[in-house]
Amino acid sequence: MASRSLFLSLRRRSINFSFSRLLSSGAASSEYVDEYPNNSEKDDLKSLIFRLRLPKRSATTVIEKWVGEGNRVSISDLRQISKDLRKSQRFKHALEISEWMVSHEEYELSDADYAIRIDLMTKVFGIDAAERYFEDLPITAKTSETYTALLHSYASAKLTEKAEELYERIKGSKLSFSALTYNEIMTLYMSVGQVEKVSSVVEELKRQKVAPDIFTYNLWISSCAASLDIDQVRRILDEMRCDSSCNDGWMQYINLVNVYVTASRLANAESSSPIETEKGITQREWITYDFLVMLYAGLGNKDKIDQIWKSLRTTKQKMTSRNYICILSSYLIVGHLKEVGEVIDQWKQSTVDFDISACNRILSALADLSLTEKANDLHLLLIQRNWSPTEE
């Protein structure tokens, strides 16, 4: 541990000199004084840093003054302030905190610290800077966390070739990776429409004996549904049920997918069953959007469901009855009946014909899954809105 710390300390000095100058440019002390009033005895370090409204002002200067006045600051304090800054999208100031941590040898950086630094460099200086930083890291700092952080940067920018090259390096390394790394490359393939490549990533994940998480399963199922391989969707759902990680959230997700596939009449590609398509947004994109809603429903994250539904409703593209089936079922499964009623009203008022037969299919699917209470809730809501669930 001592030799690793010494090596990282020497490396810190060699790779951060020019970068420090980049961060400190435009942060004159006169600009800083305006943001740091003399009557700040009761302020803590976080408050002082968050008072820096403009990105050009320096968080580094605030920390230096704080420490110079005899105050102590721990690495855990700096990590928490950095986290809060990232949540507020104050990436430049968060990166300056990372720079402070790197330049002070009393702080022993974790693998996660280096990974966060790569993500911040991508946001502040661009992918090329983050890439150079990663390549200059000592081999001991090229960990699963830093590899995954750079892969995330490539995937977010849809740099498929670079991401695939890095993925091959990852596969050739002797490091242990979590499902998160594989999820990154699968997310990229979904975003660029190369859904056929997702299954090979899942195969590699299993070959490495990495446990899939619910995000892995959602990406895999979504890719199969987008390709209209519904038989494979059902096989994956069966696999999820047998997974030792399966919990109430997973079962909620599994039930939702079953309802969605049944009520939306999704069928295998060779089937002659009708399926809606719209100009502008492809069927694959709509289905991927729907599965994202179902994922958050499985996770019980209503805020995300609300956010996605709002985005869908404000798009210029015409939604399909499948979108309404998805959001209605999601709210129903997570128990938000007020929102279920609102979706029914919105569906009736939209340019998409209200499909009572789709509601009947939802009811049938719920009954098949023994979700009698949910079926009864939907039945009552339809009656309250003067729609008989038996009407066709």
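What you see is a predicted model; the values in this text were computed from it and never measured.

What counts and how
- Residues numbered from 1 in each chain as written.
- Predicted model: local features only at pLDDT ≥ 70, side-chain atom pairs only at ≥ 80, totals over all residues.
- Heavy atoms only, no water.
- Helix = DSSP H or I, 4+ residues; strand = E, 2+ residues; numbered from the N terminus.
- Buried < 20%, exposed > 50% of the residue type's maximum accessible area, 1.4 Å probe, protein only.
- Contact = heavy atoms within 4.5 Å.
- Areas by Shrake-Rupley, 256 points an atom, 1.4 Å probe, with all protein chains shown as cover.
- Polar contact = N/O pair within 3.5 Å; in protein donor to acceptor, adjacent residues only side chain to side chain.
- Salt bridge = Lys/Arg side-chain N within 4 Å of Asp/Glu carboxyl O.

Asks: What exactly am I supposed to notice about the overall build of the protein here?
Replies: In terms of helices and strands, the protein carries 21 helices and zero strands. Among the 392 residues that make up the protein, the fraction classed as buried is 49%. A separation threshold of at least 6 residues defines the contact pool for the protein, and within that pool the share at least 24 residues apart is 66%. Accessible area of the protein: about 19,400 Å², with a carbon and sulfur share of 50%.

Asks: What am I meant to see in unusual backbone geometry here?
Replies: When glycine is set aside, most residues are seen to have a negative phi, and most peptide bonds are trans. Its identity is not glycine, yet Q89 carries a phi of approximately 60°, on the positive side. Inspection of the secondary structure assignment puts Q89 in the loop between α5 (75–87) and α6 (91–103). When its relative accessible area of 63% is taken as the criterion, Q89 is described as exposed. Even without being glycine, S370 reaches a positive phi, approximately 65°.

Asks: Even after reading the chapter, I still don't get the side chain of E339, so can you show me in this structure?
Replies: Looking at where E339 falls in the secondary structure, it is placed in helix α19 (residues 337–349). Within polar-contact distance, the side chain of E339 engages the side chain of K302 at 3.2 Å. Residue contacts for E339: discarding those within four places in its chain leaves K302 and Y331.

Asks: What is the right way to read the side chain of Q232 from this model?
Replies: As for its position among the elements, Q232 is in helix α14 (residues 230–242). Every residue in contact with Q232, bar those within four places of it in the chain, is listed here: W220 and C224.

Asks: Mind showing me how you'd approach the pattern of salt bridges here?
Replies: Two side chains that carry opposite charge are able to pair once their charged atoms sit near each other. A complete count under the given rule lists 19 salt bridges for this structure. Between E342 and K338 there is a salt bridge, with the nearest N and O atoms lying 2.7 Å from each other. In this pair, E342 and K338 are both assigned in helix α19, four residues apart and thus about one turn of the helix distant. Residue E342 is classed as partly exposed on the basis of its relative accessible area of 31%. Overall, K338 belongs to the exposed group, its relative accessible area being 59%.

Keep in mind these values describe shape, not function.
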